[in-house]
Amino acid sequence: MAHTLTQAFGKNFLGSAPNWYKLTIVAFLVLNPILMLTAGPFITGWVLIGEFIFTLAMALKCYPLPAGGLLAMEAVLIGLTLPETVYNEALTNFEVILLLIFMVAGIYFMKDFLQFTFTRILTKVRSKIIISLLFCFAGAFLSAFLDALTVTAVIIAVAYGFYNVYHRFASGKDMGSDHDLGCDKTLKEQKREELQQFRAFLRNLMMHGAVGTALGGVCTLVGEPQNLLIASEMGWSFAEFFIEVAPISMPVLATGLLTCILVEKFKLFGYGVQMPGNIRSHLLETAIEMEEKRGMRGKVKLIVQALVGIWLILALGFHLAAVGIIGLSVIVLLTAFNGFIDEHQLGPAFEEALPFTALLVVFFTIVGVIHDQHLFAPVMHYVLGFEGQMQLVAYYIANGLLSMISDNVFVATVYISETKMHFETLLGAIPDIGMTGVALMEKLTSTEILRVDVLATLPQAAADQAGALMHQFDKLAVSINTGTNIPSVATPNGQAAFLFLLTSALAPVIRLSYGRMIVLALPYTITMSLAGLAATYYLL
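Draft legend 1. Here's a closer look at the overall build of the chain. Scanning the chain for helices and strands turns up 25 helices and 0 strands. By the compact-globule yardstick of 24 Å for 540 residues, the chain fits well, its C-alpha radius of gyration being 25 Å. Within the span of the chain, comprising 540 residues, buried residues form 54% of the whole. Looking at the chain as shown, the accessible area adds up to about 23000 Å², and 68% of this sits on carbon and sulfur atoms. Each charge class in the chain can be summarised by its mean position, and for the 30 positive and 38 negative side chains these summaries are 17 Å apart.

Here it is in structure tokens:
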């Protein structure tokens, strides 16, 4: 009986994750208290960071929340940080939490309009280069105002829908019957070859679209979760964030779009695959049927979604409210005018964002450990030892490399908070400011008071010093943002949208593996990272 109970407990612990992964997490949990007693909190804290990065890197084996959450809870229990610290970190970043809860849910109710847009691109445009460019640009533009995860989800839904239609047609099955989309046994040889080509075509488009979400996501404070986190620490509005980041984001955007054209034109890294003509004609017929079934009510829903999309862009551009509150207004408008009035219709809208929201609060626990144990002090001291443009380059590279192997939100959270604390210390060392460095930083990054007005209250010499420090702090914040957003396209670990694509139902049916995704992302990683690095040094 006891043996059976032990086996059942072992199977339940972290569910279907591999046994080696379960044993590794158990080993971490056993090791940490022993290290705390023998090596002290500083060493234990660094080991904890390594363990947490491991859970992020192994996200395909097990979503990081359960395993990472256990590590975070243990960190609090053994005294590496305090519950109050975790709460204060979450409270400081409450605007980011609101963004994830309400904005992502709001965009869920705009999916019909977004799917309509991408379906039109896929069926109406014949040139593969132009289709690829449109997918990449549409992903970038939408991610700049919406949410990269949701935009990726929409692109996946469009591709999955078309793949489903054709695979059933090629297998001789109708839409109502049970069918395994991953099985090709019922297909004839010619159909099988066409399907392989269609899969490669969809892999190309999915990667162009996913990279597009990264290109647009870096540009604005709503594109990626860490952008809003950085903006809130700096006191930047939507327009200010865009202007601050533009010296890097715009050259990188142009580089990304040019890379899209080149890899398609010269058929590099597995790109350049064409859609078979008979598949295109079948998909076009299906799209026409879908439009006919939509009817007048369906068309009105699309119009409402388009109008609410315009409202969203204007509300963000003019900073009419906190981003999360604008997202809530989108939910209210779309549910009211498109007739979503049952509770069970609203629930699925929140499913995409809440696991990541919970994971973000777990991030804040690890950040609390870093703060309380001063873990990044030696690293920050080394990086900040550089001066001028080289300091910006060092920040960009450090954030980029870390984001490739872990999670860009985690890296950005740590770097922006630690950098801000460093500059608070520098501000506090300025003579005759009449307040602490923390108090002065709070005023200089306030959204209520203009920075020039705060500096005007200081003696001239102090104002000049504080102004120069804040100018460099602004540039470092941009380096953190671009460093975590651009090189992180190298692996699915760094970009949430890439990980979402890799773990979707579409990935196995179009044969998009982890390794294949890295190869397809490689040309973008090289060109965009180098463009970002050059822009950081010469333009920032």
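Draft legend 2. Spatial organisation of the layout of surface pockets. By volume, the largest pocket amounts to about 470 Å³. Thr-92, Glu-233, Lys-420, Met-421 and Glu-424 are, among the 20 residues lining the largest pocket, the residues nearest its centre. In terms of residue count, the dominant contributor to the lining of the largest pocket is helix α19 (residues 408–428) (6 residues). Considering only residue class, the lining of the largest pocket consists of 5 nonpolar, 10 polar and 5 charged.

Draft legend 3. Spatial organisation of the environment of Leu-499. For Leu-499, the position within the fold is in helix α23 (residues 496–502). On the basis of relative accessible area, Leu-499 is assigned to the buried category, the value being 17%. A sequence separation of 289 residues divides Leu-499 from Ala-210, and the C-alpha atoms of the two residues are 10.0 Å apart.

Draft legend 4. Geometry of a nonpolar patch on the surface. A cluster of nonpolar side chains, Leu-258, Leu-262, Phe-266, Leu-268, Phe-269, Val-519, Leu-522, Ile-526 and Leu-530, forms an exposed patch at the surface whose accessible area comes to about 790 Å². Elements supplying a minimum of two residues to the nonpolar patch: α12 (238–265) and α25 (514–538). Tracing the sequence through the fold places Leu-262 in helix α12. Among the residues examined, Leu-262 registers a relative accessible area of 36% and is labelled partly exposed.

Draft legend 5. Structural detail: the packing of aromatic side chains. Following the criterion strictly, the structure yields 16 aromatic pairs and no others. Seen in terms of ring centroids, Trp-20 and Tyr-21 are 6.1 Å apart; in terms of plane orientation they differ by 80 degrees. Their pairing is edge-to-face. Look at Trp-20 and you get partly exposed, because its relative accessible area is 42%. Between Phe-198 and Phe-201, the aromatic rings sit 6.3 Å apart at their centres with planes inclined by 15 degrees, giving stacked as the arrangement. Taken as a pair, Phe-198 and Phe-201 lie in helix α10 (residues 189–217) at a separation of 3 residues, close to a single helical turn. The two residues Phe-198 and Phe-201 agree in class, both being buried. Members of the aromatic cluster, connected to one another through ring pairs, are Trp-20, Tyr-21, Phe-28 and Phe-54.

Draft legend 6. Geometry of the pattern of salt bridges. Per the stated rule, a full pass over the model turns up 3 salt bridges. When the shortest N-O distance is used, the salt bridge between Glu-233 and Lys-420 registers 3.0 Å. Of the two residues, Glu-233 sits in helix α11 (residues 225–234) while Lys-420 sits in helix α19, which places them 187 residues apart along the sequence. Taking relative accessible area as the criterion, Glu-233 reaches 12% and is therefore assigned buried. Residue classification places Lys-420 among the buried positions, given a relative accessible area of 12%.

Draft legend 7. Up close: the packing of α11 against α19. The geometry of α11 relative to α19 is characterised by a closest axis approach of 9 Å and an angle of 10 degrees between their N-to-C directions. If you check the angle between α11 and α19, you find them roughly parallel. Across the interface between the two elements, Pro-225, Gln-226, Leu-229, Ile-230, Glu-233 and Met-234 from α11 touch Asn-408, Val-409, Ala-412, Thr-413, Ile-416 and Lys-420 from α19. Considering only residue class, the contact of α11 with α19 consists of 7 nonpolar, 3 polar and 2 charged.

Draft legend 8. Fine view of helix α22 (residues 460–485). Along its 26 residues, α22 runs 37 Å from first to last C-alpha, staying within 8% of the 38 Å computed at 1.5 Å per residue. Burial analysis of α22 places 19 of its 26 residues in the buried class, the great majority of the element.

Draft legend 9. Broad picture of the packing of helix α6 (residues 94–108) against helix α16 (residues 354–373). The interhelical angle for the contact between α6 and α16, taken along N-to-C directions, is 165 degrees, at an axis separation of 9 Å. Between α6 and α16, the angle falls in the class roughly antiparallel. Crossing of α6 over α16 shows right-handed handedness. Along its contact with α6, which presents Val-96, Ile-97, Leu-100 and Ile-101, the element α16 presents Leu-354, Phe-356, Thr-357, Leu-360, Val-361 and Phe-364.

Draft legend 10. The environment of Leu-29, seen in detail. As for its position among the elements, Leu-29 is in helix α2 (residues 19–38). On a C-alpha basis, the gap between Leu-29 and Ala-67 in space is 9.8 Å, while along the polypeptide they are 38 residues apart. Beyond its immediate stretch of four places on either side in the chain, Leu-29 contacts Leu-70, Leu-71 and Glu-74.

Draft legend 11. Representation of unusual backbone geometry within the structure. You will see that Phe-269, though not glycine, has its phi angle at about 55 degrees, which is positive. Locating Phe-269 in the fold gives a position in the loop between α12 and α13 (277–317). Classification of Phe-269 by relative accessible area gives partly exposed; the value is 37%. With phi around 60 degrees, Arg-511 is a residue other than glycine that occupies positive phi space.

Rules of the game
- Residues numbered from 1 in each chain as written.
- Predicted model: local features only at pLDDT ≥ 70, side-chain atom pairs only at ≥ 80, totals over all residues.
- Heavy atoms only, no water.
- Helix = DSSP H or I, 4+ residues; strand = E, 2+ residues; numbered from the N terminus.
- Rg over C-alpha atoms; globule rule 2.2 N^0.38 Å.
- Buried < 20%, exposed > 50% of the residue type's maximum accessible area, 1.4 Å probe, protein only.
- Areas by Shrake-Rupley, 256 points an atom, 1.4 Å probe, with all protein chains shown as cover.
- Lys, Arg positive; Asp, Glu negative; His and termini not counted.
- Charge placed at Lys NZ, Arg CZ, Asp CG, Glu CD.
- 1 Å grid on protein atoms, 1.4 Å probe; cavity = no way out; pocket = protein on both sides within 12 Å on 5 of 7 lines; lining within 4 Å.
- Points joined across faces, edges and corners; volume = space filled by probe spheres on them.
- Nonpolar A, V, L, I, M, F, W, Y, C, P; charged D, E, K, R; others polar.
- Patch = residues over 30% accessible without salt bridge, like charges linked within 9 Å, V, L, I, M, F, W, Y side chains within 5 Å.
- Salt bridge = Lys/Arg side-chain N within 4 Å of Asp/Glu carboxyl O.
- Phe/Tyr/Trp six-rings, centres within 6.5 Å; stacked < 30°, edge-to-face > 60°.
- Axes fitted to C-alpha atoms, helices over the stretch in contact; angles between N-to-C directions.
- Parallel < 35°, antiparallel > 145°, perpendicular 65-115°, else oblique.
- Contact = heavy atoms within 4.5 Å.
- Expected span 1.5 Å × (residues − 1).
- Left-handed = near helix turned anticlockwise from the far one by under 90°.

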